[in-house]
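Topology and contacts: notes
Spelled out from the first residue to the last, the chains are:
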2 protein chains.
Amino acid sequence: MTHAACDHDHHHDHALDSNGIEARLAEAQALCLAAGERMTAPRLRTLELVLAHNGPIKAYDLIDRFHPEGAAKPPTVYRSLSFLEQMGLIHRIESLNAFVACHDHTESHSAAFLLCECCGKSEEVALNLSGITQKALESDFKVERVTIEAKGRCKACR
Amino acid sequence: MTHAACDHDHHHDHALDSNGIEARLAEAQALCLAAGERMTAPRLRTLELVLAHNGPIKAYDLIDRFHPEGAAKPPTVYRSLSFLEQMGLIHRIESLNAFVACHDHTESHSAAFLLCECCGKSEEVALNLSGITQKALESDFKVERVTIEAKGRCKACR
DNA sequence: TTGAATTATGTTATTACATAACGGGAGTAG
DNA sequence: CTACTCCCGTTATGTAATAACATAATTCAA
Ligand SMILES: [Zn+2]
Ligand SMILES: [Zn+2]
Ligand SMILES: [Zn+2]
Ligand SMILES: [Zn+2]
């Protein structure tokens, strides 16, 4: 956590331990198998790094951490990120240029995020989109995807 | 309109004419005066370019168009954009890395946008934020700003 | 009216974010 | 085996945004 617009500590953590990560990776592999998609080594590695990070992580941080000895090439990571996003395993946070693991294991969620500007953590919340879909209806606009991102301060950082 | 994921024309236009732009610029100047802020030449020029463009426009397009004879320096435009955004005269569209003039002349609006992926236009809609604020409340999260952007197809591009 | 403080701009350089293009390798269906 | 598709590694480039510092304009109080 290298954020800090504040002085307090940011150890109010909910990071996955390595067992938790392994479990999530196994789930992801199963999901890909079921979908007829290939969970390749770079994709798996990218997902592992996203899961290991406690909050939204930047593409170039993934690039830096990709290999134990040195950085990956950008396309390697960006391609993996695109794939993982299509598979619903991660989300892109538009207002941060960052990526976060999907923590909504239920079906058909419309990802919305509470983004703490103090500690950098994100919370994914399930939201019904009635407001925006109603407006879209009124405008005869066909919605494909909705981005909802709220910035502020989390409970621990209040 | 250089968008086009489609073949139809995109002349379903609502661009401001030069009188309309002049009027909006005058409003903006009055607003700054009232707020004790300075509407300087680069800020006015930046706003003029945003208003003249029918839809979200990229920062570097503004940079290219800034001077009749040649491009501006990036900080000139980015600083102006920051100012205009703070004044509520424009909005940044996070999912496009672009900027659009604020078309909501009423008070206290929570900007949400319908973004056509076909013709590139945007519609600003007023939205009540009950859904996300309710979720934030449940998480004891203090919301500062909310980004809501829906992508899809507008009526004319269906 | 002068001069210090503040605010805004000009300028150079750099950092951060993302994709195009191409050649090659691994899986797969016939 | 062969053709096909998908994915990967690599080089290079394109695009978006800011750091840092010097200069200029404005404000305001002495
Ligand atoms: Zn926090
Ligand atoms: Zn904090
Ligand atoms: Zn359209
Ligand atoms: Zn169209």
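Let me begin by describing the structure that accompanies this report. (Residues numbered from 1 in each chain as written. Chains lettered and ligands numbered in written order. Predicted model: local features only at pLDDT ≥ 70, side-chain atom pairs only at ≥ 80, totals over all residues. Heavy atoms only, no water.)

What follows is about the interface of chain A and chain B. Contact residues are listed per partner, giving 33 residues for chain A and 33 residues for chain B. For the pair chain A and chain B, the two sides together bury roughly 2900 Å², of which 58% comes from carbon and sulfur. Between chain A and chain B we count 4 salt bridges in total. A salt bridge links Arg 145 of chain A to Glu 117 of chain B; the shortest N-O distance between them is 2.2 Å. The tally of links between chain A and chain B comes to 18 residue pairs in polar contact (both at pLDDT 80 or more). Mapped onto the side of chain A that touches chain B, the elements with two or more residues apiece are β3 (111–116), β4 (122–126), α5 (130–138) and β5 (142–153) of chain A. For the side of chain A that touches chain B, the element with the most residues is β5 of chain A, which contributes 12 residues. Among the residues making up the side of chain A that touches chain B, the classes are represented as 15 nonpolar, 5 polar and 13 charged. Taken together, the 11 bridges between β5 of chain A and strand β5 (residues 142–153) of chain B define a ladder with antiparallel strand orientation. From the neighbouring strand, Gly 152 of chain A faces β5 of chain B, where its bridge partner is Val 143 of chain B. (Contact = heavy atoms within 4.5 Å. Buried area = accessible area lost by both parts, 1.4 Å probe. Salt bridge = Lys/Arg side-chain N within 4 Å of Asp/Glu carboxyl O. Polar contact = N/O pair within 3.5 Å; in protein donor to acceptor, adjacent residues only side chain to side chain. Helix = DSSP H or I, 4+ residues; strand = E, 2+ residues; numbered from the N terminus. Nonpolar A, V, L, I, M, F, W, Y, C, P; charged D, E, K, R; others polar. Pairing = 2+ DSSP bridges.)

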